[in-house]
Amino acid sequence: MAAPQLTLSILVMALLTSSVTAYPNGKVPMSCGGMIPQHNHSPKSEPIHQITVSQTTFRPGDQIKVTLSGPPFRGFLLEARDAENLSGPPIGSFTLIDSEESQLLTCTDVQGLAVSHTRSSTKTEIKVYWDAPNPAPDHIRFLATVVKQFKIYWVKIPSPVISQPNAPPFTTPKATTQPLTTPPSVSHLTKPFSASECGNKKFCVRSPLNCDPEKEPACVFLSFTRDNQSVMVEMSGPSDGYVSFAFSHDQWMGDDDAYLCIREDQTVDIQPSYLTGRSYPVMDSRGTLEDMAWRLADGVIQCSFRRNITLPEAKNRFVLNESYYIFFAEGPSHDGRIFRHSQQPLITYEKFNVTGTPKSVGGSRSSPLLKAHGALMFVAWMTMVSIGVLVARFFRSVWSKAFFLREAAWFQVHRMLMVATSLLTCVAFVLPFVYRGGWSWRAGYHPYLGCTVMTLAVLQPLLATFRPPLHDPRRQVFNWTHWSVGTAARIIAVAAMFLGMDLPGLNLPSPQKTYAMMGFVVWHIGTEVILEIHAYRLSRKVEILDNDRIQILQSLTVAEAEGHVFKKVVLAVYICGNVTFLSIFLSAINHV
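Residues numbered from 1 in each chain as written. Predicted model: local features only at pLDDT ≥ 70, side-chain atom pairs only at ≥ 80, totals over all residues. Heavy atoms only, no water.

(A) Geometry of the overall build of the protein. Within the protein one finds 7 helices and 28 strands. Burial status across the protein gives 48% buried among its 592 residues. Carbon and sulfur atoms make up 59% of the accessible area of the protein, which amounts to about 29,600 Å² in all. (Helix = DSSP H or I, 4+ residues; strand = E, 2+ residues; numbered from the N terminus. Buried < 20%, exposed > 50% of the residue type's maximum accessible area, 1.4 Å probe, protein only. Areas by Shrake-Rupley, 256 points an atom, 1.4 Å probe, with all protein chains shown as cover.)

As C-alpha cells, then:
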C-alpha cells in the first residue's frame, strides 16, 4: 500500500523541482498579445536580461540575428513589434537556430510570429533569426518576457530600436509594459467561520455533514450568503497548499467557474480561475472580487470574498442565480503554483442555486457507479469466492449426499457461489467504463488487473462446463487446470482490490482500509491452514488406530463424524468473520 503513496510523492517532488512555470513546454499562444504569463503574480519592474541584434538597420526581407541573454532563466517569449505601437500585433517571422531550446508559436493563426522555450531547463542565452516582413514599419523593437521562477518574471523587456535606412528619426517611444492595476485590498480574518446560520441565512456545503469549522478543524466548509445583488462566499478546509471550489454544469471537471485560495508562505492568495478540461486552471483577474479576507491556523486555510451575482463583463464567470453542481477540492502548492488535488473532489449530489433558499447540504468524493463497483467486487471476491473454495476443498465428505439433479450438496453450493461471483464481476466490471466513458489512464495497474480477473472469472465457468467424467483420463488435467485458473483469479483479484482501494475515485479511509484488507487475507489463509491441519490430523489418527481394515473403517466413521462437526463450526465462524470484514468495507464505501 505504500507503493502508490511513494509514487505520488515522487511525482509531486518531480513537479516541484522541474515544472516551475505554468507551461514548461512553452506552448503559450494565449499570451502572444499581452505577453503576460498566467502565473498569478506581478512581474518584476527592473529587467536583468537584455536583447541584442546583429544590425541596427534593416530592409524588408532582411534576416537579423536576435539574442536574448542574461542570468539563468527557464522560460521566455520573444516577439517583434512596431516600435511606435508596442501594443499592436507581432510583426515578421522567426527562424530557429536551436530547436531543442526554442520553438515557433502560432499567434493570430500565423505560424512563427513568436518564439518560446521548449522545456523548463535552465538557460542563459537564446539565439534566433528574425525575417523582416514586406512591407515593414519604419522602426522595429523586439520584446521579451523572461521567467526565472514561477513568481519571478519580467514582461516586455525591450531591445534597441532597429530602423529602415530612409525612415524618419524615432522620437516617440512607447511604454514597453502595460501599467499594472492596483490589486484589490485583502484583509485578515480574526476568527474562524461559523456554521450556526447554515440553512437559515447561509447556503452551506459541508463534509462531514453538519460539521462546524469553528469547532472542527477537519471540517470542509463552503457557505454562500446573498446580499442584494452580490454573494458573500466563505471557504474553509484542512490543507497546506490550497483549497478551491467550482461551479459546474455536470459532475465532470472542465468548463467550470472556479475559485482558489492558495497558501504562499504565511499569506493566502485568493484567485478566480476557469477550468478547461483537466488542464491547469486559467487564472483570471481578481477585479471581479471584493471584500477579500483570509486566515491560516491549525493547518486550515480559510478565505472569503464577495462577488456580484452577474458579471456580464467577465465571460468565464457564471451567473450565480442558476443551479450548478458544486465541487470542493484541496491539494499541494509550491511557490504559488498549485498541483493536482491529492484526493477526489467533494461533489454535491445534485445541482443547487446558492442564491435561493438557504440549505445545508453534503456531497460525496466518489461516484455512485464507483461505489457500486467496489461493493460488488468486495461481495464477490471477499465472500462468495472464499466460501466456495472452502466448501469445494474441505466439505466434500460433509455434504456428500446428492439431491437436486442428483448432484452432491457441496458441489451445488460451490457452483452456485462461483456462478454468482462471475455474474457480479461482469456487472461490476462494466460500471467504471460507464462512469469514465472509456478507459482510465490515471488508474495505474488496477484496470489491467481487473481485466485479467474479468477474463479468468468468465473462463472458469466455461471450463467447468467441459468437465470430463470422474474416471476419465482427462479428469486429472481438468482438476489441475480448474484449480490453477481459480487460484490465479483469487490472487490477482486481491491484488486488484489492494490497488483499487488507493484510487481517489473510491477514497476509502487510510490506513484503516489497508489493515482491514490485510486482516481479511490473514483470516482466510488462517482458516485454510486450520482446516488443512485438521484434515491431516484426522487421517493420521485413523492410520494409527489398527491395521485391521474393518476396524479402520469403523474408526474412520466415528472420526469423520467428529470432524464434520468441527468443520461446520469453523465454517460458521469463518462466515461470520467474512461478513464482518465485508460490512466494514461496505460501510466505508457508503460514507465516502
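(B) Representation of the environment of Met418 in the model. Turning to its location among the elements, Met418 is positioned in helix α3 (residues 409-436). Measuring from C-alpha to C-alpha, the distance between Met418 and Val385 comes to 6.2 Å, with 33 residues separating the pair along the chain. Those residues in contact with Met418, other than ones at most four positions away along the chain, are Val385, Gly388 and Val389. (Contact = heavy atoms within 4.5 Å.)

(C) Layout of the UniProt feature "transmembrane region" (unreviewed entry) in the protein. As annotated by UniProt and renumbered to match this structure, "transmembrane region" (unreviewed entry) occupies residues 375-395, 416-435, 447-466, 478-501, 513-531 and 569-589. Helix makes up 95% of residues 447-466 and strand 0%. Its end C-alpha atoms lie 29 Å apart. In residues 478-501, helix accounts for 100% and strand for 0%; the two terminal C-alpha atoms are 34 Å from one another. (UniProt positions renumbered as here; feature names shortened; annotations may be inferred.)

(D) Highlighting the sheet that holds strand β14 (residues 230-238). An order of β11-β19-β20-β14-β13-β12-β25 is seen for the 7 strands of this open sheet, with the pairing classed as mixed. Two strands lie at the open edges of the sheet, namely β11 (186-188) and β25 (360-361), each paired on one side alone. Where strand β19 (residues 290-297) and strand β20 (residues 300-308) come together, 6 bridges link them in antiparallel fashion. Along β20, the bridge assignment pairs Trp294 with Cys303. (Pairing = 2+ DSSP bridges.)

(E) Just the pattern of salt bridges, in detail. Within this structure, the stated rule accounts for 18 salt bridges. Here Asp227 makes a salt bridge to Arg306, at a shortest N to O gap of 3.3 Å. Separated by 79 residues along the polypeptide, Asp227 in strand β13 (residues 220-227) and Arg306 in strand β20 bring together distant segments of the chain. Judged by relative accessible area, Asp227 falls into the partly exposed class, the value being 37%. A salt bridge links Arg306 to Asp291; the nearest nitrogen and oxygen atoms lie 2.9 Å apart. Remark: Asp291 occurs in strand β19 and Arg306 occurs in strand β20; sequence separation between them is 15 residues. (Salt bridge = Lys/Arg side-chain N within 4 Å of Asp/Glu carboxyl O.)

(F) Region of the structure containing the side chain of Arg306. Accessibility expressed as a relative area gives 17% for Arg306, which makes it buried. In terms of polar contacts, Arg306 uses its side chain to reach the side chain of Ser230, at 3.2 Å. Those residues in contact with Arg306, other than ones at most four positions away along the chain, are Asp227, Ser230, Val231, Met232, Thr288, Leu289, Glu290 and Asp291. (Polar contact = N/O pair within 3.5 Å; in protein donor to acceptor, adjacent residues only side chain to side chain.)

(G) Here's a closer look at the sheet that holds strand β21 (residues 325-331). Sheet architecture is open: 7 strands sit in the order β18-β17-β16-β15-β21-β24-β26, paired in antiparallel fashion. Edge positions in the sheet fall to β18 (282-283) and β26 (363-364), since each of these pairs with one other strand and no more. In terms of strand pairing, strand β17 (residues 267-275) meets β18 through 2 bridges, oriented antiparallel. When the bridges of β18 are listed, Tyr274 appears paired with Val282.

(H) How the structure looks around the nonpolar core. Residues Phe378, Trp381, Met382, Met501, Leu508, Met517 and Phe585 are the most contacted members of the largest nonpolar core, which totals 44 residues. Counting only elements with at least two residues in this core, the list comes to α2 (368-394), α3, α4 (446-465), α5 (475-501), α6 (512-545) and α7 (549-591). Sorting elements by how many residues they give to this core places α2 first, with 13 residues. Beyond its immediate chain neighbours, meaning those up to four positions away, Phe378 contacts Thr383, Met497, Met501, Met517, Leu582, Phe585 and Ile589. Ile270, Leu320, Ile326 and Val354 belong to the second-largest nonpolar core, a separate cluster that totals 33 residues. (Core = buried A, V, L, I, M, F, W, Y, C linked by side-chain atoms within 4.5 Å.)

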